[in-house]
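As a plain string of letters, each chain reads:
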Amino acid sequence: MTQFDKRNISMMMDFYEMTMANGYFKNGGENTQVAFDVFYRRNPDGGGFAIFAGLEQIIEYIENMHFREEDVEYFRAQNLFDEGFLNYLKDFRFHGDIYSFPEGTIMYPNEPFMTVIADLIDAQLIETSILTQINHQSLIATKARRIVRAAEGRFVSDFGARRAHNMDAATLGARAAFIGGVNGTATVSAGQSFGIPVNGTMAHSWIMYFRDEFDAFKRYAEVYPQSTVLLVDTYDVIHSGVPNAIRIAKEVLEPMGNRLKGVRVDSGDLAYLSKRVRKMLDDAGLTDCKIIVSNSLDEFTITSLLNQGAAIDSFGVGERLITAKSEPVFGAVYKIVAVNEGGEFLPRIKVSENVGKITNPGLKNVYRIYDENNQAVADMLALMDEEVDLSKPFRYIDPVKPWKQREFKNCTAKKLLKLYVKDGRRVENLPTLQEIRDYVKNQLSNEIWQEEQRFENPHHHYLDMTPNYYEMKMNLLYKTRSQFNS
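Residues numbered from 1 in each chain as written. Predicted model: local features only at pLDDT ≥ 70, side-chain atom pairs only at ≥ 80, totals over all residues. Heavy atoms only, no water.

Chemist: Teacher, can you tell me more about the overall build of the protein here?
Modeler: For the protein, the count of helices and strands is 17 helices and 21 strands. Along the first, second and third principal axes, the C-alpha atoms of the protein reach 85 × 60 × 40 Å. Sequence separation of at least 24 residues holds for 74% of the intrachain contacts in the protein that already meet a minimum separation of 6. Accessible area for the protein stands at about 22,500 Å²; split by element, carbon and sulfur atoms hold 49% of it. When the 56 positive and 65 negative side-chain charges of the protein are each reduced to one mean point, those points stand 4 Å apart. (Helix = DSSP H or I, 4+ residues; strand = E, 2+ residues; numbered from the N terminus. Contact = heavy atoms within 4.5 Å. Areas by Shrake-Rupley, 256 points an atom, 1.4 Å probe, with all protein chains shown as cover. Lys, Arg positive; Asp, Glu negative; His and termini not counted. Charge placed at Lys NZ, Arg CZ, Asp CG, Glu CD.)

Chemist: Please explain the pattern of salt bridges as it appears in this structure.
Modeler: Opposite charge on two side chains allows them to pair when their charged atoms are near. Inspection of the entire model under this criterion finds 37 salt bridges. For the salt bridge of Arg175 with Glu56, the shortest nitrogen-to-oxygen distance reads 3.2 Å. With a gap of 119 residues between them, Arg175 in helix α8 (residues 167-180) and Glu56 in helix α3 (residues 55-64) connect regions that are remote in the sequence. One network of salt bridges, with partners in common, ties together Asp45, Lys143, Arg146 and Glu299. (Salt bridge = Lys/Arg side-chain N within 4 Å of Asp/Glu carboxyl O.)

Chemist: I'm lost on the side chain of Glu17 in this one. Help?
Modeler: Checked against the element boundaries, Glu17 lands in helix α2 (residues 15-26). Of the buried charged residues, Glu17 lacks a salt bridge, with Lys335 as the closest side chain of opposite charge at 12 Å. Aside from chain neighbours lying at most four places away, what touches Glu17 is Gln124, Leu125, Ile126, Glu127 and Thr128. (Buried < 20%, exposed > 50% of the residue type's maximum accessible area, 1.4 Å probe, protein only.)

Chemist: Hey, could you run me through the sheet that holds strand β11 (residues 314-317) in this one?
Modeler: Hydrogen bonds along the backbone pair up the strands of a sheet, which may run parallel or antiparallel. If you trace the six strands from one edge of the open sheet to the other, you get β7-β6-β11-β10-β9-β8, paired in parallel fashion. At either margin of the open sheet sits one strand with a lone partner, and together these are β7 (184-185) and β8 (229-231). Pairing of strand β6 (residues 155-158) with β7, which is carried by two bridges, proceeds in the parallel orientation. Its bridge partner being in β7, Asp158 is matched across the sheet by Thr185. Against the sheet, helix α13 (residues 270-283) contacts β9 (262-265) and β10 (290-293), and its axis sits at roughly 160° relative to β10. (Pairing = 2+ DSSP bridges. Axes fitted to C-alpha atoms, helices over the stretch in contact; angles between N-to-C directions.)

Chemist: I tried to follow the nonpolar core on my own but got confused; where do I start?
Modeler: Taken as a class, soluble globular proteins show a tendency for nonpolar side chains to be buried jointly. Core analysis: the largest hydrophobic core is formed by 129 residues, its most contacted members being Phe67, Phe113, Met114 and Phe315. Examining the composition of this core, we find that eleven residues originate from one element, helix α7 (residues 127-151), more than from any other. Those residues in contact with Phe113, other than ones at most four positions away along the chain, are Val38, Phe39, Tyr40, Phe52, Tyr99, Ser100, Phe101, Met107, Ile134, Ala332 and Leu417. With twelve residues, the next largest nonpolar core counts Tyr367, Ile369, Phe394 and Phe408 among its residues. (Core = buried A, V, L, I, M, F, W, Y, C linked by side-chain atoms within 4.5 Å.)

Chemist: Looking at this structure, how should I read empty space enclosed by the protein?
Modeler: Empty pockets left among the atoms are what a rolling probe the size of a water molecule brings to light. Scanning the entire structure with this criterion turns up three cavities of 30 Å³ or more. Space inside the largest cavity adds up to approximately 90 Å³. As for the largest cavity, its lining consists of Gly47, Gly48, Phe49, Thr142, Arg145, Arg146, Arg149, Glu452, Gln453, Arg454 and Phe455. Split into classes, the residues belonging to the lining of the largest cavity amount to two nonpolar, four polar and five charged. By volume, the second largest cavity amounts to about 40 Å³. Residue classes in the lining of the second largest cavity are distributed as three nonpolar, three polar and three charged. (1 Å grid on protein atoms, 1.4 Å probe; cavity = no way out; pocket = protein on both sides within 12 Å on 5 of 7 lines; lining within 4 Å. Points joined across faces, edges and corners; volume = space filled by probe spheres on them. Nonpolar A, V, L, I, M, F, W, Y, C, P; charged D, E, K, R; others polar.)

Chemist: Help me understand helix α12 (residues 237-253), please; the structure alone is not making it clear to me.
Modeler: An α-helix turns once every 3.6 residues. As a result, residues three or four positions apart point the same way. With 17 residues, α12 extends just 20 Å between its outermost C-alpha atoms, more than 12% less than the 24 Å of an ideal straight helix rising 1.5 Å per residue. With twelve of 17 residues buried, α12 is to be regarded as a mostly interior element. Considered for burial, the residues of α12 that qualify are Val237, Ile238, Ser240, Gly241, Val242, Asn244, Ala245, Ile246, Ile248, Ala249, Val252 and Leu253. Put simply, Asp236 is the residue that caps the front of α12, since its side-chain oxygen is 3.1 Å from the backbone nitrogen of Ile238. (Expected span 1.5 Å × (residues − 1). Polar contact = N/O pair within 3.5 Å; in protein donor to acceptor, adjacent residues only side chain to side chain.)

Chemist: Looking at this structure, how should I read the pairing of strand β19 (residues 418-422)?
Modeler: Put simply, side chains in a regular strand alternate between the two faces of the sheet. Relative to β19, strand β3 (residues 97-100) is paired through three bridges, and the arrangement is antiparallel. Bridge pairing in β19 places Tyr99 opposite Leu419. Where β19 lies against strand β20 (residues 425-426), two bridges are found, and the strand directions are antiparallel. The residue bridging Val421 from the neighbouring strand is Arg426, located in β20.

Chemist: Where do I start with the side chain of Arg175 in this structure?
Modeler: On the basis of relative accessibility, which here comes to 0%, the residue Arg175 falls in the buried class. A distance of 2.8 Å separates a polar atom in the side chain of Arg175 from a polar atom in the side chain of Glu103. Engagement of the side chain of Arg175 in a polar contact is seen with the side chain of Gln137, the distance being 2.9 Å. In this structure Arg175 touches Gly54, Glu56, Gln57, Glu103, Gln137, Phe194, Ile196, Leu433 and Ile436, once residues within four positions along its chain are discounted.

Chemist: Mind showing me how you'd approach unusual backbone geometry here?
Modeler: Leave glycine aside and you will find that most residues have negative phi; peptide bonds, for their part, are mostly trans. Unlike most non-glycine residues, Asn295 shows phi in positive territory, near 105°. When you line up the elements, Asn295 lands in the loop between β10 and α14 (299-307). Located in the positive-phi region is Asp423, a residue other than glycine, with phi close to 50°. Along the chain, Asp423 turns up in the loop between β19 and β20.

Chemist: Please explain the sheet that holds strand β15 (residues 376-383) as it appears in this structure.
Modeler: The strand order across the open sheet formed by four strands is β18-β14-β15-β21, and the pairing between neighbours is mixed. Looking at the sheet topology across the chains shown, the edges are occupied by β18 (412-415) and β21 (462-465). The mean inter-strand angle of the sheet, taken between neighbouring strand axes irrespective of direction, is 30°.

Chemist: I keep staring at the packing of helix α4 (residues 69-76) against helix α5 (residues 83-90) and nothing clicks. Help me out?
Modeler: Each pair of packed helices can be summarised by the angle the axes make with each other and by the distance between the axes. With their axes 9 Å apart at the nearest point, α4 and α5 run at an angle of 160° to one another. The angle between α4 and α5 places the two elements in the roughly antiparallel class. The hand of the α4/α5 crossing is right-handed. Note on element contacts: α5 touches α4 through Glu83, Leu86, Leu89 and Lys90, opposite Glu69, Val72, Phe75 and Arg76. Considering only residue class, the contact of α4 with α5 consists of four nonpolar, no polar and four charged. (Parallel < 35°, antiparallel > 145°, perpendicular 65-115°, else oblique. Left-handed = near helix turned anticlockwise from the far one by under 90°.)

Have a look at this one:
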């Protein structure tokens, strides 16, 4: 039995979740219902938005969460936990409800894209698992979208597995990258698990194994005559690699009735080399042969290459995608926002001298507001039981400038939070990965302002509040601060 067969993913948690759960149990809090929001505070890379990813894995985790006998014994050996609590764990399963944005939704800072309503212990024990999935996959999906946008319609493939932080990160990172818009992956496990198109050609070791470059190319073309892509930078791109590739096209493939599909360059000055290679291929009549490049690419290097007129048809993007190297932390957090007291959920708020860390309290809905052209002009927080009627001018509060009189006119609203898990079981069919990917593309093509999609100084998407919600938050802030200062 391997480490992968033995592991119970339910144990992937911070230890403090278990110490708090034990404390709640001993204080009779296990049956108290609470609400936690999941949100983040800042878009990665200074961007204008993020892409929500990881919901499917969260629901799978929730539905299968359990503690085995050996898990309970492990906790018993820590000599910290009440025996009644350990017995409680033996029959544990999650019984709460989860409201969430649909996976693939474009999202913005400080809005709750997921809300967990559950008994206190249930809600506490799933914190790390939720944040791990969301922080990783949302980060990679967002980074992938930036890279795809920079490529301007050219083929982009995930080449990142060998630079990922572990095997799960490689597989789920490829899933997230596909949601973000990449066309395929080199990671076989992701292709098998999620139906992502897989692609891959040859390594330098293939070429170096044979007696010379031409022989290596010839043997590869004979094995894969209908899909021959040759790596041309092992020795010298211009004086060896491309000339040998052209010979293979003329002497090996064309007599078989096949064409050379492409050449790949993995090092050097990619802008300069791609233009030289394009001319050499075109002069040889190989105008349909694609030029593929790799080597530490991201949205910034791709933009630079294309601005230099690089003749590139396809990008293989590895370490800077799969690790989101330019900003490798997403920063989603999990904060309590309400506690059920006497049958009513009473709001809770975290107060900080740092204004950005003051939370948005209470049970709430998130609405996306669209203008008459179906462009998303803002998101808005409302009380959970509040009616939002935009059939007439609707007054709202900009929390940054609350003194200004604001109205939505000729607008429509869409509620974003949706019930996916009820009593620990899914109640909503999940979309396919292709459907999630298409959903992302549709939002960015038809709903989200192009100004929000700029890499530099993107337009700020507003998070507004209904007057009722704003008043509730301000009253709670005042009450909390008054208690603290008394």
